[in-house]
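Architecture at a glance
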Amino acid sequence: RFSHRLRLPERVDHGASALTDCLVVPLPRLGIDRLAYSTQNPQVPRRPLGGTRGPPQFERDCCISIHFTLKRVLKCEFISAFWKEVADEFFWKKPATGPMLQYNFDVTKGNIFVKCMEGAKTNMCYNVLDRHVREGNLGEKVAYYWEGNSPEHHTTITYGQMLSHVCRCANVLKRMGVRKGDRVSIYLPMIPELVYTMLACARIGAVHSVVFAGFSSESLCERIMDAQSSVLVTADGVYRGDKLINLKQISDEALEKSREKGSSSISKCLVIKHQALRTKTGSSCNKLQTPWDSERDEWWDEAMSDSSEDCEPEWLDAEDPLFILYTSGSTGKPKGVVHTVAGYLLYTFLTFKCVFDYHHDDVYWCTADIGWITGHSYITYGPLANGATSVLVSKRQNFYSRVSAPYGLNVVVWFQFEGIPVHPHVGRFWEIIEKYKVTKFYTAPTAIRLLMKYGQEPLQKSVADV
C-alpha cells in the first residue's frame, strides 16, 4: 500500500506464471508489508503486493529508496546492518558492544526479552536538540509554530530556543531533587512547556509520565501512584469549550486522593501560568482561583527565571527507560508501558521520515494530543529527531474518565482539536494549514468524515490550493 513512496528500479513483467517462483520478503518496521522478488532475477522487484504506483511526483520526490538484492535481504545480518545504518545518524557516547537487536518471544525458549544496541550509551535530548543546534547549524530553524485557542495566542520556537528552555527546565527539576531513574508526572494541555518538560526529563535521565489533561483527578491519581512520581508538572487552567477548567485544583484533588490511599510520593508541584489565561500584566486570570501549598507548589516562571541555560546531558544505557505511558484504562486498570531510549529513538526517527516522506522544508502538523503515544512519537520525538518544523496546536480539551472513553485511542485522540474539528468554525483546520503553509497533515478518518459533512465550501474559503 506504500508502493507510491518507493523509488524502485525498472520492473520486469514475467507474466502470471512467474507467481509460482516469486518469493515474498518481509521488511519489518519499514511500513512496507511485503515486496515480491522474482527468483528468476533477484535484483528486480516484481511489484509491491497489494498496491499500484501512485502519481509520478510521489515517485520522483519520495525520500525512500530501496534497491535490495534478494541475496542481501535473506541474510540474517541484513537486519543488523540496516539498523546500524539508521543508528549512524545519531551521536553515541559509547558504541554498542552487543548485537543491534536481540529478542525472544517464545516462552519455550526461555524468558521473554528485547534488547536493542546493548552496551551503547546516548541521550535522547542531545540527539533531538543539541545535535541539530551544535552540529547541524539548525539553531535558527523553527521547531514549532504554537497556535493557541485564539488567533492572538501564538508563538514561534526555534531549535536554539528549545534547547535553552529545556536546559533551564532540566536544572529546575534537578534542584527539586529529580535524578536519573526518578519519575515525573506531567499533566498539561498542548502548550510548549509540555514538550520542554518531556525533553528536560530525557536530558537528566528522569522518566516522564504524561497524563492526558482531559483525565479526571481519579485517573491522574492512579497514574501518579503506579509510577511513584516525585514531581508533578501542571498548569493553572485550560478551556473546555468556553468553560474554564482549573487544572491545578484537579491536580490537588489527585494528590489528596493518593494520600488517602497511603501513597504520597509527590514532593514538588511545578505550576505553569497558561499563556491563554494571563492578563496583559502577565498575572493569572482573575477568573481562576488557584489553590496553593507554599511548601510544595512553585510557579514555573519564578523557578525558570534564575535557572542556568547550561545542563550537561546524562548519558544513558540504550535500554534505560525513557518514559512510561499508560493505557486508557477502558478495559480495567491502566497499564504502564515503558519505552526505552535507543530503540524508540531509531524507530520514531525512521518511521516519521519514511511514512510521512519528510523533507527538510516541510511544515508538518499532527492533530493528535501528546498525552497519547501518537503525540509522543509524531509530535515530539519523531519530528525533532529529524530536525522538522511542526505545528503545535492548543486544544480546548474534552474531558474523559475511564468509563466515558470506552473505545480507546482513536476516539480519545482525534476529537481533541478544540473539542471537535469544527470549533470555532468548520474551516479552522484549513485556516491553520494556510497560516503556516503546512505541507504534511496527519489526522484521522473520524475528523475527515466529520468535515466532509460540510462540503468543500469551508475549504475553498480558507485555502486556495492545498
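Here's what I pulled together on the structure shown here. Because the structure is a prediction, the values reported are computed rather than measured. (Residues numbered from 1 in each chain as written. Predicted model: local features only at pLDDT ≥ 70, side-chain atom pairs only at ≥ 80, totals over all residues. Heavy atoms only, no water.)

A separate point is the packing of aromatic side chains. If you walk through the whole model with that rule in mind, you get 26 aromatic pairs. Ring geometry for F352 and Y358: centres 5.5 Å apart, planes at 40°, overall tilted. Note on accessibility: F352 and Y358 belong to one class, buried. Ring centres of F429 and W430 lie 6.2 Å apart, and the angle between their planes is 85°; this geometry places the pair in the edge-to-face category. Ring pairs connect the aromatic residues F352, F356, Y358, Y364, Y378 and Y442, which therefore count as one cluster. (Phe/Tyr/Trp six-rings, centres within 6.5 Å; stacked < 30°, edge-to-face > 60°. Buried < 20%, exposed > 50% of the residue type's maximum accessible area, 1.4 Å probe, protein only.)

Contact pair helix 5 (residues 159–175) / helix 6 (residues 192–204): the axes reach a minimum separation of 8 Å and the direction vectors enclose 65°. For helix 5 against helix 6, the interelement crossing comes out right-handed. Here M162, L163, H165, V166, C167, C169, A170, L173 and K174 of helix 5 lie close against helix 6, whose contacting residues are V195, Y196, T197, L199, A200, C201, R203 and I204. Class assignment of the residues belonging to the contact of helix 5 with helix 6 gives a composition of 13 nonpolar, 2 polar and 2 charged. (Axes fitted to C-alpha atoms, helices over the stretch in contact; angles between N-to-C directions. Helix = DSSP H or I, 4+ residues; strand = E, 2+ residues; numbered from the N terminus. Left-handed = near helix turned anticlockwise from the far one by under 90°. Contact = heavy atoms within 4.5 Å. Nonpolar A, V, L, I, M, F, W, Y, C, P; charged D, E, K, R; others polar.)

One pass over the full model with this rule turns up 19 salt bridges. Among the ionic pairs, D88 bridges to K84, the shortest N-O distance being 2.9 Å. Residue class for K84 comes out partly exposed when judged on its relative accessible area of 41%. R175 is the salt-bridge partner of E298, the closest N and O atoms lying 2.7 Å from each other. Taken together, the positions of E298 in strand 15 (residues 297–299) and R175 in helix 5 put the pair 123 residues apart, joining distant regions of the chain. (Salt bridge = Lys/Arg side-chain N within 4 Å of Asp/Glu carboxyl O.)

Before going further, it helps to examine the side chain of T351. Positionally, T351 belongs in helix 10 (residues 341–355). A polar contact is formed between the side chain of T351 and the backbone oxygen of T348, at a distance of 3.4 Å. (Polar contact = N/O pair within 3.5 Å; in protein donor to acceptor, adjacent residues only side chain to side chain.)

With 17 residues, helix 5 should cover 24 Å at 1.5 Å per step; its first-to-last C-alpha distance of 24 Å lies within 8% of that length. Within helix 5, 12 of the 17 residues are buried, leaving the element largely enclosed by the surrounding structure. Listed in full, the buried residues belonging to helix 5 are Y159, M162, L163, S164, V166, C167, R168, C169, A170, N171, V172 and L173. The positive-phi residue at the C-terminal boundary of helix 5 is G177, with phi of around 95°. (Expected span 1.5 Å × (residues − 1).)

The interhelical angle for the contact between helix 10 and helix 11 (residues 373–385), taken along N-to-C directions, is 85°, at an axis separation of 8 Å. Put simply, helix 10 runs roughly perpendicular to helix 11. Within the contact between the two elements, helix 10 uses Y344, L345, Y347, T348, F349, T351 and F352 and helix 11 uses I373, H376, S377, Y378, Y381, G382, P383 and A385. Tallied by class, residues from the contact of helix 10 with helix 11 come to 10 nonpolar, 5 polar and no charged. (Parallel < 35°, antiparallel > 145°, perpendicular 65-115°, else oblique.)

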